[in-house]
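# Coordinates in review
If you want the building blocks of each chain, they are given just below.
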Amino acid sequence: MSLSFVVALLVGSPAQAEDVHSYARLNQVSTPHLDLNLTVDFEARKLKGHATYTLARHDETTQLYLDTSDLTIERAELLVNDQWQPTKFTLGDVHPSLGRELIVDIGSVAKKVRIHYQTAPTASGLQWLTPEQTAGKQHPFMFSQSQPIHSRSWIPIQDSPALRLTYNATITTPKDLLAVMSADNSLSDERPGTYEFTMPQPIPPYLIAIAAGDLAIKSISDNVAVFAEQYILDDAAWEFADTPAMIETTEAMYGPYRWDRYDLLILPPSFPFGGMENPRLSFITPTVVAGDRSLVNLIAHELAHSWSGNLVTNASWRDLWINEGFTSYVENRIMEALFGERRANMELALGYQDLLGDLERLRPQDTVLNIDLGTRHPDDVFSQVPYVKGQLFLVYLEQKFGREMFDKFLRQYFDDFAFQSISTEQFKTYLKRELLDKKPNTVAMSKINEWLHEPGLPEDAPKPNSDAFAQVEQQMQRWLKGGQLQTDAWTTHEWLHFINNLPLDISANNMARLDREFSLTESQNSEIAHAWLKLAIVKKYEPARERLRSYLLTIGRNKLVSPLYRELAKTPDNLKWAREVYEQAKPGYHPLTQTVNEALLYGEN
Ligand SMILES: [Zn+2]
């Protein structure tokens, strides 16, 4: 009997892991299918309509528990003998991070339940942009960001990644806009104002996604297209031209891509993340359209989630490393296969440096892979730990067991757990049987426990380095003594390593000299500009100040703006300036970006 059989018994009643971030009682009644019918109201900044769930009953309970946040629940209905009839519901108290539980009476025979509701303009999982906040300036734009627990702010739902559900949706928008979802998007340019979607593969609720805007479509290949505002459509299609090759590469290593099409949606600059792996339609920040394909590892990352995360999913947010550690590992393997070891090594080394920074900054208990979140909001603990420490754990296993054996293990892992959600404990059991026991005395279980349950990094953790970066460091030493930099062959990665590792006592003259020779203040590469502007704050390099202002006003990707605000908050003068810029920038920032940065600029620390 294979493990996949054991797990299959639990599908439909996924009670294996306790998810403290959801009120759903999945072991009593679960909701394997959703029919969504929503109207996008830009004037009111609301979604209005109803959600209909097919019920799967696992015991005698007569109540359905759903998660909500900031929703107005209008009424609830049950389908009994093909007739909709009203039913009672109650809302619980507001919890600061979990929202409110919605308890619906479902009796003992109803097959479906329907909730009529509307969202609030302040819904944490939606952003509403005025026409002025888009590039085209003609039409408004809205999009969702549901991970980790924001689905509940736009759908009353059993908002736990331990649930898997399929969905259909009917979405009504103003006539001149196109709606898209994490589903079977049409490639038609027509804008009828009503759109039908189907997502036939069961996904966790945080992967339900929607956007509506003045979108154009350009195909890259038979199964890959870019959806974007017209201004960036051609550039994005050029930037991401390697996506079909990435899919083939990943399939060769880890088995078939199981989601039919893979399309990319380029969001407005306020999108708070680099990317979001919404199935069939990754949501992507425009800040990686760099003009030189140097930041496409982000596409490799979102694509990799089609195996790790979307196909095999963390059962709770304590297990986030199961999504992100595997995905960072697969991302780097895709980059290596397509672009060579040199580039892959540089990207791994850059990630490692970021991780070391986080390990220094975070409390020890927050550097554990199988983190104990309590009921803290999972947004508050996103760091490099689940990503890069998780990745290093897998690199470690690869080195110990050899690539051939480890690749075979991973390929089997994706097959055995396809379309399932698993916990860290389940992974450990599987790892022991399918890898450790097959080559005894290679890695002890105590070492696995150290990786998964102890803070920081084990003594013998891999320490990624890069020959290319060693050469950058040699050049830097010569340059600091007055020599010339030879940067013709440098890519974005070498520049980032160079800027991030400049000595903090670098002279004002040397800052000005660098800027004169390489126009770093004016760099249009979002990552290089970020690294330079951050150094400029530390070094009080005033010529970069206006660029810093415009950068903060035009980019909303939290990873790029938040470290700048954090640095600015360290001195009273800079803090005052940063608050002024922030207030101006705020309407263009996503609610998540607002929350994080207000804590930095107005918090008590
Ligand atoms: Zn990811």
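Per an unreviewed UniProt entry, the chain goes by the name Aminopeptidase N and belongs to Pseudidiomarina andamanensis. Quoted verbatim from the Sequence similarities (unreviewed entry) field of UniProt, the annotation for the chain is "Belongs to the peptidase M1 family."

With that out of the way, let us pick up the overall build of the chain. Counting secondary structure elements, the chain contains 18 helices and 21 strands. Its C-alpha atoms give the chain a radius of gyration of 24 Å, within 12% of the compact-globule value 25 Å for 605 residues. Taken along the three principal axes of its C-alpha coordinates, the chain extends 85 × 65 × 50 Å. For the chain, buried positions account for 59% of its 605 residues. The long-range fraction of contacts in the chain, counting pairs at least 24 apart against all pairs at least 6 apart in sequence, stands at 72%. Working note: accessible area of the chain is about 24100 Å², and carbon and sulfur atoms make up 48% of it. In the chain, which carries 57 positive and 78 negative side-chain charges, the distance between the mean positions of the two groups comes to 3 Å.

To continue, consider the coordination of the zinc ion. Distances from the zinc ion to its protein donors, H301 (NE2), H305 (NE2), E324 (OE) and E324 (OE), fall within 2.1 to 2.7 Å. One way to put it: the 4 donor atoms around the zinc ion meet at angles of 52 to 152°, and that makes the site irregular. Sequence positions of the donors to the zinc ion reduce to the motif H-x3-H-x18-E. On the criterion of sequence distance, the pair formed by H301 in helix α4 (residues 297-304) and E324 in helix α5 (residues 320-339) is long-range, its members being 23 residues apart. A relative accessible area of 9% means that H301 is categorised as buried. Overall, the relative accessible area of 1% leaves E324 in the buried class.

Moving on: the UniProt feature "active site" (unreviewed entry) in the chain. Mapped onto the present numbering, the UniProt feature "active site" (unreviewed entry) falls on E302 and Y387. With the annotated positions falling across 86 residues, the maximum pairwise C-alpha distance of 12.8 Å places them together in a single cluster. Residues in contact with E302, not counting those within four places in the same chain, are Y262, G275, M276, E277, S282 and I284. By the element assignment, Y387 lies in helix α7 (residues 384-401). When neighbours within four sequence positions are excluded, Y387 is seen to be in contact with H301, E324, G325, S328 and F382. A distance of 3.5 Å separates a polar atom in the side chain of Y387 from a polar atom in the side chain of E324.

Take empty space enclosed by the protein next. If you walk through the whole model with that rule in mind, you get 2 cavities of 30 Å³ or more. The computed volume of the largest cavity comes to approximately 120 Å³. Along its surface, the largest cavity is lined by 14 residues, and W317, L320, I371, V381 and P386 are the ones closest to its centre. Of the residues contributing to the lining of the largest cavity, the split by class is 11 nonpolar, 1 polar and 2 charged. Each pocket or cavity is described by its volume, and for the second largest cavity that value is around 60 Å³. Around the second largest cavity, the lining residues are L533, A536, I537, K540, Y541, E542, A544, R545 and L548. Only α14 (526-538) and α15 (545-554) provide two or more residues apiece to the lining of the second largest cavity. Sort the elements by how many residues they give to the lining of the second largest cavity and α14 lands first, with 3 residues. Partitioning the lining of the second largest cavity into residue classes produces 6 nonpolar, no polar and 3 charged.

Mapping H21 onto the fold places it in the loop between α1 (3-8) and β1 (29-41). Residue classification places H21 among the buried residues on the basis of a relative accessible area of 1%. Spatially, the C-alpha atoms of H21 and V288 are 32 Å apart, while their sequence positions differ by 267 residues. In this view, H21 contacts L98, I149, R152, D159, W317, L373, G374, T375, R376 and P378; residues no more than four positions away in its chain are not counted. A distance of 2.7 Å separates the side chain of H21 from the backbone oxygen of R376, its partner in a polar contact.

Moving on, we get to the environment of F518. With respect to the helices, strands and loops of the structure, F518 is situated in helix α13 (residues 508-518). Those residues in contact with F518, other than ones at most four positions away along the chain, are L485, T487 and W495.

Moving on to unusual backbone geometry. Note: most peptide bonds trans; most residues except glycine with negative phi. The linkage connecting Q147 with the following residue, P148, adopts the cis geometry, with an omega of -5°. Its identity is not glycine, yet R45 carries a phi of approximately 55°, on the positive side. Relative to the elements of secondary structure, R45 occurs in the loop between β1 and β2 (46-57). Its identity as a non-glycine residue notwithstanding, K137 has a phi of 65°, on the positive side. Note on placement: K137 falls in the loop between β9 (126-129) and β10 (141-144). According to the relative accessible area criterion, K137 is partly exposed, its value standing at 49%.

This part is about the packing of α15 against helix α17 (residues 572-585). α17 packs onto α15 with a crossing angle of 40° between their chain directions and a minimal axis gap of 9 Å. Overall, the two elements α15 and α17 adopt an arrangement that is oblique. Handedness of the α15/α17 crossing: right-handed. Contacts from R545, L548, R549, L552 and L553 in α15 reach N574, W577, V581, Q584 and A585 in α17. When grouped by side-chain class, the residues that make up the contact of α15 with α17 number 6 nonpolar, 2 polar and 2 charged.

A few words on the UniProt feature "binding site: Zn(2+)" (unreviewed entry) in the chain. Cross-referencing UniProt, the feature "binding site: Zn(2+)" (unreviewed entry) maps to H301, H305 and E324 in the present numbering. These annotated residues cover 24 residues of sequence, but their C-alpha atoms sit close together, with the largest distance between any two at 9.1 Å. Not counting residues up to four positions away in its chain, the partners in contact with H301 are E324, T327, S328, E331 and Y387. Within the fold, H305 resides in the loop between α4 and β20 (312-314). In this structure H305 touches E277, N310, L311, N323, E324 and T327, once residues within four positions along its chain are discounted.

Every α-helix carries 3.6 residues per turn, so stepping three or four residues along brings you back to the same face. Relative to the 20 Å expected for 14 residues at 1.5 Å per residue, α17 spans 20 Å between its end C-alpha atoms, a close match to the ideal helical length. Listed in full, the buried residues belonging to α17 are N574, L575, W577, A578, V581, Y582 and A585. Along the long axis of α17, the arc covered by the buried residues comes to 165°, so they all point the same way. Within α17, the exposed residues directed more than 90 degrees away from the buried face are P572, D573, K576 and Q584. Considering only its buried residues, α17 is in contact with α14, α15, α16 (558-568) and α18 (591-602).

With that settled, consider the sheet that holds strand β6 (residues 89-91). Pairing is antiparallel across the open sheet formed by 3 strands, whose spatial order is β3-β7-β6. Since the sheet does not close on itself, it has two edges, and those belong to β3 (63-68) and β6, each with one partner. Mean inter-strand twist for the sheet, computed between neighbouring axes without regard to direction, equals 20°. By the bridge criterion, 6 bridges tie β3 to strand β7 (residues 100-105) in an arrangement that is antiparallel. Bridge pairing in β7 places Q63 opposite D105.

Conventions we followed
- Residues numbered from 1 in each chain as written.
- Predicted model: local features only at pLDDT ≥ 70, side-chain atom pairs only at ≥ 80, totals over all residues.
- Heavy atoms only, no water.
- UniProt positions renumbered as here; feature names shortened; annotations may be inferred.
- Helix = DSSP H or I, 4+ residues; strand = E, 2+ residues; numbered from the N terminus.
- Rg over C-alpha atoms; globule rule 2.2 N^0.38 Å.
- Buried < 20%, exposed > 50% of the residue type's maximum accessible area, 1.4 Å probe, protein only.
- Contact = heavy atoms within 4.5 Å.
- Areas by Shrake-Rupley, 256 points an atom, 1.4 Å probe, with all protein chains shown as cover.
- Lys, Arg positive; Asp, Glu negative; His and termini not counted.
- Charge placed at Lys NZ, Arg CZ, Asp CG, Glu CD.
- Donors = N, O, S within 2.8 Å, 3.2 Å for Na, K, Ca; no water.
- Tetrahedral: all angles 85-135°; square planar, octahedral: opposite > 155°, others 65-115°.
- Polar contact = N/O pair within 3.5 Å; in protein donor to acceptor, adjacent residues only side chain to side chain.
- 1 Å grid on protein atoms, 1.4 Å probe; cavity = no way out; pocket = protein on both sides within 12 Å on 5 of 7 lines; lining within 4 Å.
- Points joined across faces, edges and corners; volume = space filled by probe spheres on them.
- Nonpolar A, V, L, I, M, F, W, Y, C, P; charged D, E, K, R; others polar.
- Axes fitted to C-alpha atoms, helices over the stretch in contact; angles between N-to-C directions.
- Parallel < 35°, antiparallel > 145°, perpendicular 65-115°, else oblique.
- Left-handed = near helix turned anticlockwise from the far one by under 90°.
- Expected span 1.5 Å × (residues − 1).
- Arc of directions from axis to C-beta.
- Pairing = 2+ DSSP bridges.

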